[in-house]
Amino acid sequence: MHEKILVIFSGGQDSTTCLLQAVADIGAAQVEAITFSYGQRHAIELECAHRIAADLGVRQTVLDIPQLQSVTHNALMDETAAITQGDDGLPTTFVAGRNALFLLYAAIYAKGRGIRRIIIGVSEADFSGYPDCRDVFIKSMNVSLNLAMACDFRIETPLMFLDKAEVWALADRLGRLDYVREYSHSCYRGVRGGCGECPACALRERGWREYLTLRGRT
Ligand code: ZN
């Protein structure tokens, strides 16, 4: 029997592709998803995540961490804040410490469930300037979590060096291109089907067009 996997799952394109790959690799019964409700702008992301997990037959745990809102301010959690470049050089949608927090909670949960493999769909190839999407951060967090809990966690990042077009290609190889296109949600503004204008939509659409062009040639 394969070792169990816990996927950090937001319902976006990247984590949906990771979840589909994990299910394809070892079967839904061996895969769990953990989803965080942290005060993101709209509930639609959580709805998408719930629907996909249920559809795939994956056990999903939704963790409510609203306290994040009381210690940080950003455009992903405040509908009135502009989505732009901040004074610190990072996009205003950057949620300070988010992936560190997600990984910490995921590891605590995984330890309780006897799971060592944790998958997170971050990428430094096409990232939006978020420092906690970088490989060096994930590796350091892996070391810290192992030390913190005397565990042998393996944080896996299958998308780390893939751009968005390559993530679409991966979904296609899994036979799930239309599924990801239709059911995952990436829009920062929380518009169903995407607003087409925010950085997340722009990145997703650019990758989509690139992939269609590439596929057309092969
Ligand atoms: Zn959008």
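Just above, that's the structure.
Residues numbered from 1 in each chain as written. Predicted model: local features only at pLDDT ≥ 70, side-chain atom pairs only at ≥ 80, totals over all residues. Heavy atoms only, no water.

Draft legend 1. Highlighting the overall build of the protein chain. A count of helices and strands for the protein chain gives 7 helices and 5 strands. In the protein chain, the order of α-helices and β-strands from amino to carboxyl end is β-α-β-α-β-α-β-α-β-α-α-α. Here the C-alpha atoms of the protein chain give a radius of gyration of 17 Å, agreeing with the 17 Å that 2.2 N^0.38 yields for 218 residues. The principal-axis extent of the C-alpha atoms belonging to the protein chain is close to 45 × 45 × 30 Å. The buried share of the protein chain, taken over its 218 residues, is 50%. Taking the intrachain contacts of the protein chain between residues at least 6 apart in sequence as the baseline, contacts between residues at least 24 apart amount to 72%. Summed over all atoms, the accessible surface of the protein chain reaches about 10400 Å², with 52% contributed by carbon and sulfur. Charge-centre separation for the protein chain: the mean point of 23 positive side chains lies 4 Å from the mean point of 26 negative side chains. (Helix = DSSP H or I, 4+ residues; strand = E, 2+ residues; numbered from the N terminus. Rg over C-alpha atoms; globule rule 2.2 N^0.38 Å. Buried < 20%, exposed > 50% of the residue type's maximum accessible area, 1.4 Å probe, protein only. Contact = heavy atoms within 4.5 Å. Areas by Shrake-Rupley, 256 points an atom, 1.4 Å probe, with all protein chains shown as cover. Lys, Arg positive; Asp, Glu negative; His and termini not counted. Charge placed at Lys NZ, Arg CZ, Asp CG, Glu CD.)

Draft legend 2. Main features of the pattern of salt bridges. Using the criterion set out here, one finds 14 salt bridges in the structure. A salt bridge links Glu 47 to Arg 192, with the nearest nitrogen and oxygen atoms 3.1 Å apart. Of this pair, Glu 47 sits in helix 2 (residues 44-56) while Arg 192 sits in the loop between helix 6 (177-183) and helix 7 (199-217), and the two are 145 residues apart along the sequence. Here Arg 192 falls in the exposed class, since its relative accessible area comes to 58%. Among the ionic pairs, Arg 116 bridges to Asp 152, the shortest N-O distance being 2.7 Å. Of this pair, Arg 116 sits in the loop between helix 3 (98-113) and strand 4 (117-120) while Asp 152 sits in the loop between helix 4 (135-149) and strand 5 (154-156); the two residues are 36 residues apart in sequence, bridging distant segments of the chain. We classify Arg 116 as partly exposed; its relative accessible area is 31%. (Salt bridge = Lys/Arg side-chain N within 4 Å of Asp/Glu carboxyl O.)

Draft legend 3. Fine view of the coordination of the zinc ion. Surrounding the zinc ion are the protein donor atoms Cys 187 (SG), Cys 195 (SG), Cys 198 (SG) and Cys 201 (SG), at 2.3 to 2.4 Å. Coordination at the zinc ion comes from 4 donor atoms whose angles at the metal span 104 to 115°, giving a geometry best classed as tetrahedral. Under the relative-accessibility criterion, Cys 195 is labelled partly exposed at 23%. (Donors = N, O, S within 2.8 Å, 3.2 Å for Na, K, Ca; no water. Tetrahedral: all angles 85-135°; square planar, octahedral: opposite > 155°, others 65-115°.)

Draft legend 4. Layout of the environment of Glu 79. Position of Glu 79 among the secondary structure elements: in the loop between strand 3 (59-64) and helix 3. In this structure Glu 79 comes out as exposed when scored by relative accessible area, which is 52%. On a C-alpha basis, the gap between Glu 79 and Arg 189 in space is 7.8 Å, while along the polypeptide they are 110 residues apart.

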